[in-house]
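Below are the chains, spelled out letter by letter.
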Amino acid sequence: MPININPNRLQESLQTKQLGRKIFYANSVSSTNKWAKKLAKLEASEGTVVVARTQTSGHGRLGRKWISPAGGLWFSVILRPNFDVDKVAKLVFVASLAVAEVLHELYGLDVETKWPNDVLIDGKKVCGILAETSTQNKKASYVVVGIGINANFDVKKSLPQKLWENTLSLETKLGQKIRLEELFRALLEKLEDIYHRFLKTDFTLILGEWKKHARFLGHEVEVTSGSGKLRGLAVDVDDDGSLIIKTRDGTIKHVLVGDISVKQ
Ligand code: BTN
């Protein structure tokens, strides 16, 4: 079974207008997001994609490391949506919805979205998303959306022990390797589809679809953010992408940046 990505072969069958019309592939890079940002500064067009077999210095939100062994799907897409920078966070919902739908459609998996940027299976992280932007007069001149999917590797062989408890790979879940190129193609097509809908329609509709996978809603969560920890009921996600929490004393709080863990 072909488990590697061949960008030329992929492009022949890719059903997109923009996304992946240009694909840069590398065996190893520091970070596909970093590479994509460089290309974006050099005027790379919307939809340009970079993908690497491994990343030596992949990064996640809040400056965290993202360990990227061979077998994973590590890629970044350059978008030029021409909107205000405060809308950029919404693209993370667009991307995580695309991942959740594709993993369900291709492999029949029961997939969960977790605020703000994770995709989980069996409560464990299979995918992380990082959107980075450059602004000019409050407008996003480009957005790089980086997507990392733990695909064809064994978590216990390829990742440090501290990550075993909360991380899952598709290989471990499915008991076999997947066709990486098939997954990549489906993701580019789905991402383009949802991204174009996002540009044309109301974000509320897309957020509504994202919420159907968001099992943490209605549960007690602990939110860790720059301003400390907060515990309460995860009531909803607002149209600006912020998490709405109801604390024990009934106060409603909106959190824009942070992490949540679900309490039993
Ligand atoms: C997170 O969960 O904090 C986000 C992780 C994002 C990882 C992806 S892998 C491809 C792209 N390149 C990076 O350096 N990061 C993103």
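Predicted model only: the values in this text are computed from it and were never measured.

### Some remarks on the site of the ligand
Step number 1: Neighbouring the ligand are 20 residues; Ser31, Gln55, His59, Arg61 and Lys125 lie closest to it.
Step number 2: In this structure, Gln55 approaches the ligand through a side-chain N or O atom, which is 2.9 Å from a nitrogen atom.
Step number 3: For the ligand, the protein covers 98% of the area, taking 410 Å² as the surface of the free molecule.
Step number 4: Given that more than half its atoms are within 2 Å of the pocket grid, the ligand belongs to the largest pocket.
Step number 5: Secondary structure elements with two or more residues in the shell around the ligand: α2 (32-41), β3 (73-79), β6 (124-136) and β7 (139-149).
Step number 6: Here the shell around the ligand takes 4 residues from β6, the largest share from any one element.
Step number 7: Considered class by class, the residues forming the shell around the ligand number 5 nonpolar, 12 polar and 3 charged.

### Notes on the layout of surface pockets
Step number 1: Size it by volume and the largest pocket reaches roughly 1,200 Å³.
Step number 2: Surrounding the largest pocket, 44 residues form its lining, Trp66, Asp118, Lys125, Asn166 and Thr167 being those nearest its centre.
Step number 3: Contributing elements (two or more residues each) for the lining of the largest pocket: α2, β3, β4 (111-114), β5 (118-121), β6, β7 and β12 (259-262).
Step number 4: Of the residues in the lining of the largest pocket, the class split is 14 nonpolar, 19 polar and 11 charged.
Step number 5: Considering only enclosed or pocket space, the second largest pocket measures out at about 420 Å³ in volume.
Step number 6: Forming the walls of the second largest pocket are 19 residues, and the residues nearest its centre are Arg61, Ala89, Val92, Leu256 and Val257.
Step number 7: Elements supplying a minimum of two residues to the lining of the second largest pocket: α3 (90-107) and β6.
Step number 8: In terms of residues, the lining of the second largest pocket owes the most to one element, β6, which gives 4 residues.
Step number 9: Class assignment of the residues belonging to the lining of the second largest pocket gives a composition of 13 nonpolar, 3 polar and 3 charged.

Rules used in this analysis
Residues numbered from 1 in each chain as written. Predicted model: local features only at pLDDT ≥ 70, side-chain atom pairs only at ≥ 80, totals over all residues. Heavy atoms only, no water. Near = heavy atom within 4 Å. Polar contact = N/O pair within 3.5 Å; in protein donor to acceptor, adjacent residues only side chain to side chain. Areas by Shrake-Rupley, 256 points an atom, 1.4 Å probe, with all protein chains shown as cover. 1 Å grid on protein atoms, 1.4 Å probe; cavity = no way out; pocket = protein on both sides within 12 Å on 5 of 7 lines; lining within 4 Å. Sits in = over half its atoms within 2 Å of the grid points. Helix = DSSP H or I, 4+ residues; strand = E, 2+ residues; numbered from the N terminus. Nonpolar A, V, L, I, M, F, W, Y, C, P; charged D, E, K, R; others polar. Points joined across faces, edges and corners; volume = space filled by probe spheres on them.

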